[in-house]
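Chains, contacts and geometry: an overview
One-letter residues, chain by chain:
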Amino acid sequence: MPTSRQLPRVEKREEDTNTSDGVWSANYRQLTLGLILIILGPAFEALAVATILPKIVTDLGGLSFYGWSFSAYMLATLVGLILAGDEADQRGPALPFLIGMVSFVLGLILATTAPSMAVFVLSRAVQGFGAGILVSVIYACVGQGYPERLKPRMVAILASAWVVPGLVGPALAGIISDNFGWRWVFLGLVFILPLGIGLVLPALKKLTLLKKKREARTFDIRRLLATAGLVVGAGMTLTGLQVQSVPIALVLLLCGLALGIPSLRFVLPPGTLRVKAGLPAAIVNIGLLSIAFFGAEAFLPLTLISIRGQNTIIAGIALTAATLSWTAGSWLQANLAPKQGRRMLVLSGLFIIAVGIAGIAIILFPAIPALVGIVAWGVGGLGMGLAYSTISLVVLETAPKDQVGSASASMELSSVLGTALGTGLGGVIIAFAASSGRSQSWGIAVIDILVIACIGLACLTAIRLPGRTPLSS
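Residues numbered from 1 in each chain as written. Predicted model: local features only at pLDDT ≥ 70, side-chain atom pairs only at ≥ 80, totals over all residues. Heavy atoms only, no water.

With that settled, consider the packing of aromatic side chains. Taken as a whole and judged by the stated rule, the model has 10 aromatic pairs. Ring plane angle 25° and centroid distance 5.2 Å describe the contact between tyrosine 28 and tyrosine 146, whose orientation is recorded as stacked. Here the residue tyrosine 28 occupies a position in the loop between α1 (7-20) and α2 (29-60), and tyrosine 146 occupies one in the loop between α5 (117-145) and α6 (151-160), the gap between them amounting to 118 residues. Given a relative accessible area of 4%, tyrosine 146 falls into the buried group. When the centroid spacing of 6.2 Å and the interplanar angle of 40° are considered together, the rings of phenylalanine 294 and tryptophan 326 count as tilted. Taken as a pair, phenylalanine 294 in helix α12 (residues 279-297) and tryptophan 326 in helix α14 (residues 312-336) lie far apart in primary sequence, 32 residues in all. The same class applies to phenylalanine 294 as to tryptophan 326, namely buried. One aromatic cluster is present, built from ring pairs that chain together Phe293, Phe294, Trp326, Trp377 and Tyr388. Positioned above the aromatic ring of tryptophan 442, the side-chain terminus of arginine 438 is 4.8 Å from the ring centre. (Phe/Tyr/Trp six-rings, centres within 6.5 Å; stacked < 30°, edge-to-face > 60°. Helix = DSSP H or I, 4+ residues; strand = E, 2+ residues; numbered from the N terminus. Buried < 20%, exposed > 50% of the residue type's maximum accessible area, 1.4 Å probe, protein only. Lys NZ or Arg CZ within 6 Å of the ring centre and 35° of its normal.)

Here helix α16 (residues 372-398) spans 39 Å end to end across 27 residues, near enough to the 39 Å set by a 1.5 Å rise per residue. Of all 27 residues making up α16, 21 are buried, and the element is well covered by its neighbours. (Expected span 1.5 Å × (residues − 1).)

For valine 275, which is not a glycine, the phi torsion comes out positive at approximately 55°. Considering the arrangement of structural elements, one finds valine 275 in the loop between α11 (246-267) and α12. Valine 275 gets classed as buried once you look at its relative accessible area, which sits at 19%.

Here the focus is the packing of α2 against α5. Put simply, α2 and α5 touch, their axes get as near as 10 Å, and they point 165° apart. For the element pair α2 / α5, the angle class is roughly antiparallel. In the packing of α2 onto α5, the handedness of the crossing is left-handed. Packed against α2, whose contacting residues are Leu35, Ile38, Ile39, Pro42, Glu45, Val49, Leu53, Ile56, Val57 and Leu60, the element α5 presents Met117, Phe120, Arg124, Gln127, Ala131, Leu134, Ile138, Cys141 and Val142 at the interface. Split by residue class, the contact of α2 with α5 holds 16 nonpolar, one polar and two charged. (Axes fitted to C-alpha atoms, helices over the stretch in contact; angles between N-to-C directions. Parallel < 35°, antiparallel > 145°, perpendicular 65-115°, else oblique. Left-handed = near helix turned anticlockwise from the far one by under 90°. Contact = heavy atoms within 4.5 Å. Nonpolar A, V, L, I, M, F, W, Y, C, P; charged D, E, K, R; others polar.)

So, on to the side chain of serine 290. The residue serine 290 is located in helix α12 in this model. In this structure the side chain of serine 290 is engaged in a polar contact, spanning 3.2 Å, whose partner is the side chain of serine 415. (Polar contact = N/O pair within 3.5 Å; in protein donor to acceptor, adjacent residues only side chain to side chain.)

Turning our attention to the confidence of the model for the protein chain. Of all residues in the protein chain, 88% have pLDDT values of 70 or greater, and the mean over the chain is 81. Predicted confidence in the protein chain is weakest over α1, with a mean pLDDT of 38, and strongest over helix α15 (residues 342-362), with 94. Counted against residues more than four places away or in other chains, residues 1-20, with its pLDDT under 50, gives eight contacts. (pLDDT = per-residue confidence, 0-100.)

Turning our eyes to something else, we now look at the pattern of salt bridges. One pass over the full model with this rule turns up two salt bridges. Among the salt bridges present, the one from aspartate 178 reaches lysine 55, with a minimum N-O distance of 1.8 Å. A residue pair is termed long-range when its members are at least 10 positions apart, and aspartate 178 in helix α7 (residues 163-180) and lysine 55 in helix α2 qualify at 123 residues. When its relative accessible area of 53% is taken as the criterion, aspartate 178 is described as exposed. (Salt bridge = Lys/Arg side-chain N within 4 Å of Asp/Glu carboxyl O.)

Another point: a nonpolar patch on the surface. On the surface, Val164, Leu167, Val168, Leu172 and Leu324 cluster together into a nonpolar patch covering about 390 Å² of accessible area. Counting residues per element, the nonpolar patch draws most heavily on α7, at four residues. Among the structural elements, valine 164 can be located in helix α7. (Patch = residues over 30% accessible without salt bridge, like charges linked within 9 Å, V, L, I, M, F, W, Y side chains within 5 Å. Areas by Shrake-Rupley, 256 points an atom, 1.4 Å probe, with all protein chains shown as cover.)

Another aspect to go through is the nonpolar core. If you look at the biggest cluster of nonpolar residues, it comprises 73 residues, and the most contacted ones within it are Leu78, Leu289, Leu304, Trp377, Met384 and Leu413. Residues Leu31, Phe97, Trp182 and Leu189 belong to the second largest nonpolar core, which totals 52 residues. (Core = buried A, V, L, I, M, F, W, Y, C linked by side-chain atoms within 4.5 Å.)

All right, on to the packing of α15 against α16 then. With their axes 7 Å apart at the nearest point, α15 and α16 run at an angle of 155° to one another. Regarding the angle of α15 to α16, the classification is roughly antiparallel. You can see that α15 and α16 cross each other, and the crossing is left-handed. Residue composition of the contact of α15 with α16, grouped by class: 19 nonpolar, eight polar and two charged.

Dropping the structure here:
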């Protein structure tokens, strides 16, 4: 630890370094801009599909494929995340990046020309595979391509890259769909995404050359089999949550869990399911965080529209408020990270999320103004930005240097599975409420109670995160 006399000198040196060699300096500008352009593609596409999918189903038919338009994307994302993380660690990020970009663009073209919903679902799987690879590459680049002092700012910048898609993506997709047809939503991205290749590829090649100077590890076939087992197990579990027949649903759920949990244990870093301190605890924490936040958010529009009688504009404003405040929370993390312990930042974020969830829960009472939900979810988004970004930073800081890609993939894997579990179980609760004659308010209240309980579990796991910053350790 530096003495008090040394502190002014250290702070001045850090300030000078940040000014001359920040994320937008000549050394990092091209990589930073390229990573932002890469993440914009999946962000726009994800928000656009949610907006225009009803029109796609009306045009192509096949309402039974509606849910699988999202599930196929998620399952394929898992494969891309895991395989690309390993490849980036062993041979560098350049080749996975090219494969991910080609896969994502190919999926967009397939969606543009889809003659049926079955083909559209296939296109979503191809897009998801490419998006999973790109996300792995992005975090591997942050871990391998930037010094420790710049990582908090890059995490905040990547979170900010979702702001523009969150603000204009749904509306823009709707305008294009109404005036030119939904196929042009996908075709437009085909021409935009390749622009990022020329910017980011040279920087990725430098990182790849550094990897080649080290001894490459042999590819573990068992990890590939575990990935397949995880995808099949997750698919069976998701199907079980959507099946109406209780016996069939139970069989699918039990088989899916029996296959998926051992596969998940093999894919994730050792000690994750035991919540070992450090990296494993961070990965568990981000899964619980995703269950809670996205499990609550998925049913906020239902609360505002079906229960409180608001229009879709109000529901959209509530979600946009969370998008903006999430970015604010990410930048708050970037400013606090150099001097605050990681554990305290995550716990603070979790507390703020719990306040936000409680706020959207109380609008179930008719006496509470429905617009309170907008403010409350803005608060929840602030906490999510603070906690999620800090956990991402913990993963980058605690992962071994030669395993940043796989650690980042594990983090995203936990987030994807948490989101799927939170929304899936919420859907089961709403369906049970409807079939048993209970009200939607009852079902959403149960969901809110369960996700707040998940926040409590996340607080317990956050205790096992690093208590100090890397510089103070």
